[in-house]
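# Summary of the model geometry
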Amino acid sequence: MEEAMEDIAAYEYVAIFDADFDPEPDFLLKTVVYLRDNPAAGFAQARWVYTNGDESVLTRVQEISLNYHIRCEQYARHAADVFFNFNGTAGVWRRACIEDAGGWNHRTTVEDMDLSLRAYLRGWKFIFLDDVTCPNEIPACYDAFRKQQHRWSCGPMQLWRAATTAVWTAKDVPFAKKCYLVVFFFGTRMFATHVVSFFLYCVLIPLCATAPEVTIPFWALVYAPVLVTLSTIAFTPRGWRVAAQYVLFENAMCIVKLTAMLAGLLHWSNAHEWVVTTKLGRFVDKVKRSEVGVKAKAAAKRVAASVPEKLKRARKVYARELCMGAFFLSCGLYGVCVHAMWYYAIFLCAQGVVFLAFGLNYVDGR
């Protein structure tokens, strides 16, 4: 994006799309008008919709999570006139806003959020368009999903650490909104939620099965998680059908998100790891039917034919998820055999199986 700025020097607005996004022909007509009529608006963000949400349980769970973020969090932040970030694609920026904020910066793995924050601190406003949508593809491979979540969990922590001083010293932002940014947006949503989820689901509940003297209040064990789950799946049609899988999959990602978050806060060596999220491209019909799509498919077949059969059969495994799976199954079996705690064991064994499936890479939509 930084390299492209010279090529758009003569243009007032910049539309940004990832390769798998397929905007409608009238996308610019629906979005640019909001920037044209609002000189203080820095960007207009369209709502994402997904072409392969029903491909597998993995994509269905991602659809629930993304819908909650886009349709609830982003919409609510815009309605409340507090900071919300550009989602990296499916939006239109005012070029003057990008330049006023200092341009694209590579200090974090979430340069879209970084640019949004710097523009916000300069007094720019943002617009979320719930009625303007753009289809795209959800990662169907666990490895791609895992790397994406690492980047999305690590980057905000890098930005929190790098930009806190700038937030407190910003002249164009009221004190209450500064508190929201530092305490709630970064401190609570980006940091505390991962910590609480990990220690509740991955530490305390397994301990309760092995040590009955350790207890969790019923409201924290049942009512609160059920309420959070119901409020999340409400933004996805028929999301209730995979509510249980959603909870188990989200718990299984806790270890990835927590370690990524710590990497960003503590500047670990993998903090700046940035890998393009792999998309299978099976659901962008317009591209598949085009001449380019036909040629690309033929080229992919030739490349696949040249790959040795041994490499095709190779399946990547993940040690952290396997260790967590073994830990959960051990705690569940111990709780049943020693303390007859069946109610904990059912959850622990189910969660352990999901951890093992993630660790052995058996959740792909392939």
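Before going further, it helps to spend a moment on the pairing of strand β3 (residues 91-94). Here β3 shows no split at all, with Gly-91 and Trp-93 on one side and Val-92 and Arg-94 on the other all buried. Bridging between strand β1 (residues 13-16) and β3 involves four bridges; their strand directions are antiparallel. Paired with Ile-16 across the strands is Gly-91, a residue of β3. Note: strand β2 (residues 41-50) against β3, three bridges, orientation antiparallel. Pairing of Ala-44 across the sheet is with Val-92, part of β3.

Where helix α2 (residues 57-79) meets helix α5 (residues 142-169), the closest approach of the two axes is 11 Å, and the angle between their N-to-C directions is 25 degrees. Between α2 and α5, the angle falls in the class roughly parallel. When you trace α2 past α5, the crossing you get is left-handed. Of the residues in α5, those touching α2 at Leu-58, Gln-62 and Leu-66 are Tyr-142, Phe-145, Gln-148 and Trp-152. For the contact of α2 with α5, the per-class residue count stands at five nonpolar, two polar and no charged.

A separate point is the pattern of salt bridges. Scanning all chains against the criterion turns up 17 salt bridges. Notably, a salt bridge pairs Arg-118 with Asp-114, separated by 3.0 Å at the nearest N-O pair. Taken together, the residues Arg-118 and Asp-114, both in helix α4 (residues 111-121) and four residues apart, mark about one turn of the helix. The class for Arg-118 is buried, based on a relative accessible area of 14%. Residue classification places Asp-114 among the buried residues on the basis of a relative accessible area of 0%. Residue Lys-147 is joined to Asp-143 by a salt bridge in which the shortest nitrogen-to-oxygen separation is 3.2 Å. Of the two residues, Lys-147 and Asp-143 both sit in helix α5, four residues apart, roughly one turn of that helix. Residue class for Lys-147 comes out partly exposed when judged on its relative accessible area of 29%.

So, on to the state of the cysteines. Throughout the structure, instances matching the rule amount to zero disulfides. Free cysteine Cys-154: the closest other cysteine sulfur is in Cys-254, separated by 17 Å. Distance from the sulfur of Cys-349, which forms no disulfide, to the nearest cysteine sulfur (Cys-337) is 9.5 Å. With relative accessibility at 24%, the residue Cys-349 sits in the partly exposed group.

Moving on, we come to the packing of aromatic side chains. Summed over all chains, the structure comprises 28 aromatic pairs. When the centroid spacing of 5.2 Å and the interplanar angle of 85 degrees are considered together, the rings of Phe-218 and Tyr-223 count as edge-to-face. Each member of the pair, Phe-218 together with Tyr-223, is exposed. Summarising the aromatic geometry, the rings of Tyr-343 and Tyr-344 are spaced 5.1 Å apart at their centres and angled 45 degrees between planes, so their arrangement reads as tilted. Exposure remark for Tyr-343: the relative accessible area of 59% places this residue in the exposed category. Taking relative accessible area as the criterion, Tyr-344 reaches 9% and is therefore assigned buried.

Thresholds, definitions, all that
Residues numbered from 1 in each chain as written. Predicted model: local features only at pLDDT ≥ 70, side-chain atom pairs only at ≥ 80, totals over all residues. Heavy atoms only, no water. Buried < 20%, exposed > 50% of the residue type's maximum accessible area, 1.4 Å probe, protein only. Helix = DSSP H or I, 4+ residues; strand = E, 2+ residues; numbered from the N terminus. Pairing = 2+ DSSP bridges. Axes fitted to C-alpha atoms, helices over the stretch in contact; angles between N-to-C directions. Parallel < 35°, antiparallel > 145°, perpendicular 65-115°, else oblique. Left-handed = near helix turned anticlockwise from the far one by under 90°. Contact = heavy atoms within 4.5 Å. Nonpolar A, V, L, I, M, F, W, Y, C, P; charged D, E, K, R; others polar. Salt bridge = Lys/Arg side-chain N within 4 Å of Asp/Glu carboxyl O. Disulfide = S-S within 2.5 Å. Phe/Tyr/Trp six-rings, centres within 6.5 Å; stacked < 30°, edge-to-face > 60°.

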